[in-house]
Amino acid sequence: MRARVALLLALVALVGATGGSAATRPSLRPVGFAPLTVAGKGFASGESVTVAAYGGSRRVIRVIASAEGTFRARFSSSQPRCTAWVARAAGSSGSRATYRVLPAACAPAIAAGTAPPTRGTGVAGVITRGPITPVCAVEVPCDGPAAGVAVDLLQANVVIAHTKTGVDGRYYVLAAPGNYVVRATGRLLSPRVTRVQAGRFAEVDFKIDTGIR
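Model, not experiment: these values are computed from the prediction. (Residues numbered from 1 in each chain as written. Predicted model: local features only at pLDDT ≥ 70, side-chain atom pairs only at ≥ 80, totals over all residues. Heavy atoms only, no water.)

A. Up close: the packing of aromatic side chains. Applying the stated criterion to the full structure yields four aromatic pairs. Ring plane angle 65° and centroid distance 5.0 Å describe the contact between F43 and F71, whose orientation is recorded as edge-to-face. Here F43, found in the loop between β2 (36-41) and β3 (48-54), pairs with F71, found in strand β5 (residues 71-74); they are 28 residues apart in sequence, far enough to count as distant. Ring geometry for Y172 and F201: centres 6.0 Å apart, planes at 90°, overall edge-to-face. (Phe/Tyr/Trp six-rings, centres within 6.5 Å; stacked < 30°, edge-to-face > 60°. Helix = DSSP H or I, 4+ residues; strand = E, 2+ residues; numbered from the N terminus.)

B. Structural context of the nonpolar core. Core analysis: the largest hydrophobic core is formed by 26 residues, its most contacted members being V123, I127, L153, Y171, V182, A184 and F206. Listed by contribution, the elements that provide at least two residues to this core are β3, β8 (122-130), β10 (150-155), β11 (158-164), β12 (170-174), β13 (178-184) and β16 (206-209). Among the domains, domain 1 (27-101) and domain 2 (111-209) are the pair contributing at least three residues each to this core. Not counting residues up to four positions away in its chain, the partners in contact with A184 are I127, V149, A150, V151, L189 and F206. If you look at the next biggest cluster of nonpolar residues, it comprises 18 residues, including A65, A73, A87 and V101. (Core = buried A, V, L, I, M, F, W, Y, C linked by side-chain atoms within 4.5 Å. Buried < 20%, exposed > 50% of the residue type's maximum accessible area, 1.4 Å probe, protein only. Domains from an automatic or database assignment. Contact = heavy atoms within 4.5 Å.)

C. Region of interest: the pairing of β12. Extensive coverage of β12 is indicated by the burial of four of its five residues. Pairing of β8 with β12, which is carried by five bridges, proceeds in the antiparallel orientation. The partner of A124 across the bridge, within β12, is Y172. (Pairing = 2+ DSSP bridges.)

D. Quick peek at the sheet that holds β10. Across the sheet, four strands lie side by side as β11-β10-β13-β14; this open sheet has antiparallel pairing. The outermost strands of the open sheet, each flanked by one partner alone, are β11 and β14 (192-196). Sheet twist, expressed as the average angle between the axes of neighbouring strands with direction ignored, equals 30°. Sheet topology places β10 next to β11; six bridges connect them, and they run antiparallel. Bridge pairing in β11 links L153 to A161. (Axes fitted to C-alpha atoms, helices over the stretch in contact; angles between N-to-C directions.)

Rendered as structure tokens:
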């Protein structure tokens, strides 16, 4: 009898452990863009959740999760579909979730090293490196394109988009109008602050000092 009870308790514990591991993890997804509306699930029942959206501007809203751990956060402004943006949710019980959108998810593939589209909004530029030779001459240029350089677009210290320069040192990112910080990886490079206006690409160029003298 005792053996049967022990076996039954072990089975109950195993089922409980399996159910716990299969619990839904917190997640976010957009359900509307005009205005931007984000749905969450997998949060704790009745949890207070702070939802922040970055992309053009920083927007914050607080909601309460339902008994099933779901919610909808409806912001007061719209979000262009084909621009880079990020949504983050932080619950009072420790739940965390992030949803990140890259322009390529809904627009034609964006290739680094190509000129930005004639119509669009975002950040574009060229990164060069130099000197690339100790002696400069007409037939031997001092500077050259910096290929494969990582470029981040940030807003409120949150990385909104990431790309790399092409073989010609060019890059561009589609982004909604707003203030951004552009950060490129390279020797002695400092982040640059820029403002993106609707229908235009803000030009942000960098030059990497190779140290050759």
